[in-house]
Every structure is written in structure tokens, then in C-alpha cells.
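Chain by chain, the residues:
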Amino acid sequence: MLDVVELLARSGSARLRFSDIVRELDLTQATAHAILKTLCDRGWASRDPVTKTFSLGPALAVVAARTDTARPLGHAARSAALRLSREVGYACSVVERFGDSLVVTAFEGEPATQPSGIPGDRIPYAPPFGVALAAWDDEEERRAWIRRGAGNNPDRIRRLEQVLEHTRERGFDVDWTTPALAQAVQVVGTLDSDEMPTPVRHILDQLLVEFTTIGFLSDDNPGRRKQPVVTIAAPVFDGRRVALMLAVHPLCPLSARQIRVIGKHLTDETTAISVPAPPRGAIDKVG
């Protein structure tokens, strides 16, 4: 049922037919019919009697209205994404972690400027995705993130460690991949490697590491010519915990100076909305 709601949410203004939902979610017609009837009865989905298409229903407006109160940091991040988009002139998004997945929970900008394949989609929290979160995650989670991309290969581990260290030093992550390469990353990242032969799985893992480490050693070189930039992202903190990341999506070539300017706007916003960590020992005193 939740898969249907998420599909309707991802479709935006496009209304989906019954056959679209069956095909996209690989459901039987009987299962899809039962789910959609329940959702429509509860107001979570709506069916147009003329076009016979489905969209999100009015009852979800109540949930959305309460979300801002229940999740104040997420609300603040969405507002920051809107301000940032106006300041820098590019689309911006909010990305949150749910278990071992990343989800774009807000997007501000023209639909045509959306990065391919990500709004509302779940993508793995593994290289090359989520660098701006992993760089400031705790040590155990950083190692787990690296392991998901490098396995036990010492060279890949070292290179990913360098990526995270370099990102922390700079204060934000820069994804230098071209749009075509970004699409390749998305395709490779969604493949189920468990069903692949071992040699193929190793090749896919290596590809993801290569995607992650492209250009990171020389991206601050002032003399470097403009390179395509897909995403510039920085973390937002809830106390000492990395809660989510705010991202800018230029989707165009930028110079090192332009990246620094955008990075400054970005980190000003993330610093402003982050919840400060409590003083050392404060929690113990309260307890």
C-alpha cells in the first residue's frame, strides 16, 4: 500500500492510470484494485471519474500539515532549500537517510532541473551516494559506508577514506560527474549485486568507487577549467548526529571559484539550521 502512495507522490502533477500502477509496481490487477479502493475510501488517493486516473488524495494534506510540527528540522531544511535555490539560481533538494537508503524528501526548482531519477526514489546509502552524510557520520557508520562500496579491497578503502577526509576539509561534497555518468551511476546503483556472478559484482563495485573518486583530488585547483557539476551538498546536524543533507544541483560546468561561492551559500544555510550539539557532560548532568 505504501508503495502505491510513494508512486503517486513521485508522479507529481502527472496522473497515473490503473495499468501504470500495475506495471510500475509489478502488482496483480486484483491486488492493485484492492489497494487503490482502500486508499480512495480513506482519502489517501483520488480517482478522476472522467480520465479514470489516480493521484494523491485530500487526506494526505492533513498529514503534510502536521509533518512540519512533528519534524521541525526537515521543515527548516525545506525552507533553506527554497532560499538557497533563489540565491544561487539552481535547483536544491533535501536528502534524508532511512536505514541503508537515501530519499529525496524535498525539491525546490523547475521540474526540468531535477537530477535524473532521484526525487522520491530510494537509493542505497553506499558509494557513490551520500558522501556529504558519510563524511561526518560516526566512525562505525563511515566504515560501513566504505565497506558497502569497497568490500575488503585495501586500495578502494584507502581511496574512499581520502574522499571523506577531503570532503570534511572542504566543508561540502562536490559531485563532478557528467549528466551521462550520473545516469550510469543511477543504473549501476540500483542493480541487485547479490544476483550477479562474483566477477561481475566486483566490476560493479569498482565502477561505483571510480564514480565516487572522480576528480576529488584536483577539484580545488584554481587553474582547472570548468567541469560539469551535478551536486554540491553539505550536512545538517541534529546535535552531534548527522540528520540530513542539503544539496544544490547545478547540472552544468562550473569553475572552482563558482563552486566556492555556492559552497559558502550552502554551508551558511546548513550552519544556520543545524541544531547545536549539547555541551560535553550536559547530558550526564541532566541524567
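In this text the structure is predicted, and so the values were computed from the model without any measurement.

Our focus in this paragraph is the sheet that holds strand β5 (residues 101-108). Overall, antiparallel pairing links the six strands, which are arranged β6-β5-β4-β10-β9-β7 in an open sheet. Of all strands in the sheet, those bounded by a partner on one side alone are β6 (122-124) and β7 (173-175). Direction aside, the axes of adjacent strands within the sheet are offset by 30 degrees on average. With seven bridges joining them, strand β9 (residues 231-238) and strand β10 (residues 241-249) adopt antiparallel strand pairing. Of the residues in β10, the one forming a bridge with A234 is L246. Set on the sheet, helix α11 (residues 256-273) makes contact with β7, β9 and β10; between it and β9 the angle comes to about 20 degrees.

This part takes up the sheet that holds strand β2 (residues 45-47). Sheets are built from strands that pair by backbone hydrogen bonding, the pairs being arranged parallel or antiparallel. Spatially, β1-β3-β2 is the arrangement adopted by the three strands of the open sheet, whose pairing is antiparallel. Every interior strand has two partners, whereas the edge strands, β1 (16-17) and β2, have only one. By the bridge criterion, three bridges tie β2 to strand β3 (residues 53-56) in an arrangement that is antiparallel. Counted as the bridge partner of A45 is L56 from β3. Of the strands in this sheet, β1, β2 and β3 are in contact with helix α1 (residues 2-10), which crosses β3 at around 90 degrees.

Helices that pack against each other are described as a pair by the angle of their axes relative to one another and the distance between those axes. In contact at an axis separation of 10 Å, helix α5 (residues 72-88) and α11 are set at 155 degrees when each is read in the N-to-C sense. Classified by the interaxial angle, the pair formed by α5 and α11 is roughly antiparallel. The handedness of the crossing between α5 and α11 comes out as right-handed. Together, L73, A76, A77, A80, R83, L84, E87 and V88 of α5 and I262, H265, L266, E269 and I273 of α11 make up the contact between the two elements. Across the contact of α5 with α11, the residue classes tally to nine nonpolar, one polar and three charged.

As a further point, take the environment of L7. Here L7 lies in helix α1. Exposure remark for L7: the relative accessible area of 8% places this residue in the buried category. Between the C-alpha atoms of L7 and E24, which are 17 residues apart in sequence, the distance is 8.3 Å. Not counting chain neighbours up to four residues away, the residues in contact with L7 comprise L16, I21, E24 and L25.

When pLDDT is averaged across the protein, the result is 81; 74% of the residues are at 70 or more. Low pLDDT (under 50) marks residues 283-287, which in the prediction has one contact with non-local residues, meaning those over four places away or in another chain.

Right, let's get into the packing of α1 against helix α2 (residues 18-25). Look at α1 against α2: their axes get within 11 Å of each other, and the N-to-C directions meet at 115 degrees. By the angle between their directions, the pair α1 and α2 is classed as roughly perpendicular. The way α1 lies across α2 gives a crossing that is right-handed. Along the contact surface, α1 presents D3, V4, L7 and L8, while α2 presents I21, E24 and L25.

So, how was this worked out
Residues numbered from 1 in each chain as written. Predicted model: local features only at pLDDT ≥ 70, side-chain atom pairs only at ≥ 80, totals over all residues. Heavy atoms only, no water. Pairing = 2+ DSSP bridges. Helix = DSSP H or I, 4+ residues; strand = E, 2+ residues; numbered from the N terminus. Axes fitted to C-alpha atoms, helices over the stretch in contact; angles between N-to-C directions. Contact = heavy atoms within 4.5 Å. Parallel < 35°, antiparallel > 145°, perpendicular 65-115°, else oblique. Left-handed = near helix turned anticlockwise from the far one by under 90°. Nonpolar A, V, L, I, M, F, W, Y, C, P; charged D, E, K, R; others polar. Buried < 20%, exposed > 50% of the residue type's maximum accessible area, 1.4 Å probe, protein only. pLDDT = per-residue confidence, 0-100.

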